[in-house]
Amino acid sequence: MYRKIVDSPIGKIELIEENDKIIEINILKNIKTNSIRQENTELLTKTEKQLKEYFKGKRIEFTIPLNPKGTNFMKKVWNELINIPYGEVRTYKEIAKKIGNEKASRAVGMANHKNPIPIIIPCHRVIGSNNKLVGYALGLDIKQYLLNLERKELS
């Protein structure tokens, strides 16, 4: 397992690679980067580059191999999230319908909350049925920032 800490407009981001795939992205708060052993693999460098391009508004799609850890249901949700185009949003109910379980809106919300690879698996693009920002593990301020970056302003 390898990890790298990178700077971003939303704070320090920890990238974690295992078996040549990204398995986690964490937004870090109040850390001392010198206390974390970092590696500089080709994949971590590529991921850092693509994230920097995304934050500059120059990348709308990621081409990084991923291996998020979760249940089969969670993986089904995360695979559907990757299909939400840049700059667009979907509701939890729409995602539930897409995965074949219209009544699973809350479970979709929980899968979003447990998404280990935010930004690349764009759980920030999922909103409430009333078109309001609801729930985001990294905080609604970061969700709003990412949606604004993608030119989708919501209240």
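Trainee: Describe the overall build of the protein chain, with residues and values.
Mentor: A count of helical and extended segments in the protein chain gives five helices and five strands. Taken from N to C terminus, the helices and strands of the protein chain fall in the order β-β-β-α-α-β-α-α-β-α. Taken against the 2.2 N^0.38 rule, which gives 15 Å for 155 residues, the C-alpha radius of gyration of the protein chain at 15 Å falls within 12% of a compact globule. Principal axes of the C-alpha set define a box for the protein chain whose edges measure 45 × 30 × 25 Å. Here the protein chain holds 155 residues, and 45% of them are scored as buried. At a minimum sequence separation of 6, the contacts of the protein chain that also span at least 24 residues come to 57%. For the protein chain, the exposed surface amounts to about 8700 Å²; the carbon and sulfur share of it is 46%. Of the side-chain charges in the protein chain, 28 are positive and 18 negative, and the distance between the mean point of each set is 4 Å.

Trainee: Break down the side chain of Ser8 for me, citing the residues and quoting the values.
Mentor: By the secondary structure assignment, Ser8 is in the loop between β1 (2–6) and β2 (12–18). Residue Ser8 is classed as buried on the basis of its relative accessible area, which comes to 17%. A distance of 3.1 Å separates the side chain of Ser8 from the backbone nitrogen of Ile10, its partner in a polar contact. Within polar-contact distance, the side chain of Ser8 engages the backbone oxygen of Gly11 at 2.7 Å. Leave out the neighbours within four places in its chain, and Ser8 touches Ile13 and Phe55.

Trainee: Could you give me a rundown of the pattern of salt bridges, with the residues and numbers involved?
Mentor: Inspection of every chain in the model, using the stated rule, returns nine salt bridges. A salt bridge links Lys69 to Glu18; its shortest N-O distance comes to 3.0 Å. Linking Lys69 in the loop between α1 (42–55) and α2 (72–81) with Glu18 in strand β2, this pair joins segments that are 51 residues apart in sequence. Looking at Glu18, the relative accessible area reads 22%, which means it is partly exposed.

Parameters and conventions
Residues numbered from 1 in each chain as written. Predicted model: local features only at pLDDT ≥ 70, side-chain atom pairs only at ≥ 80, totals over all residues. Heavy atoms only, no water. Helix = DSSP H or I, 4+ residues; strand = E, 2+ residues; numbered from the N terminus. Rg over C-alpha atoms; globule rule 2.2 N^0.38 Å. Buried < 20%, exposed > 50% of the residue type's maximum accessible area, 1.4 Å probe, protein only. Contact = heavy atoms within 4.5 Å. Areas by Shrake-Rupley, 256 points an atom, 1.4 Å probe, with all protein chains shown as cover. Lys, Arg positive; Asp, Glu negative; His and termini not counted. Charge placed at Lys NZ, Arg CZ, Asp CG, Glu CD. Polar contact = N/O pair within 3.5 Å; in protein donor to acceptor, adjacent residues only side chain to side chain. Salt bridge = Lys/Arg side-chain N within 4 Å of Asp/Glu carboxyl O.

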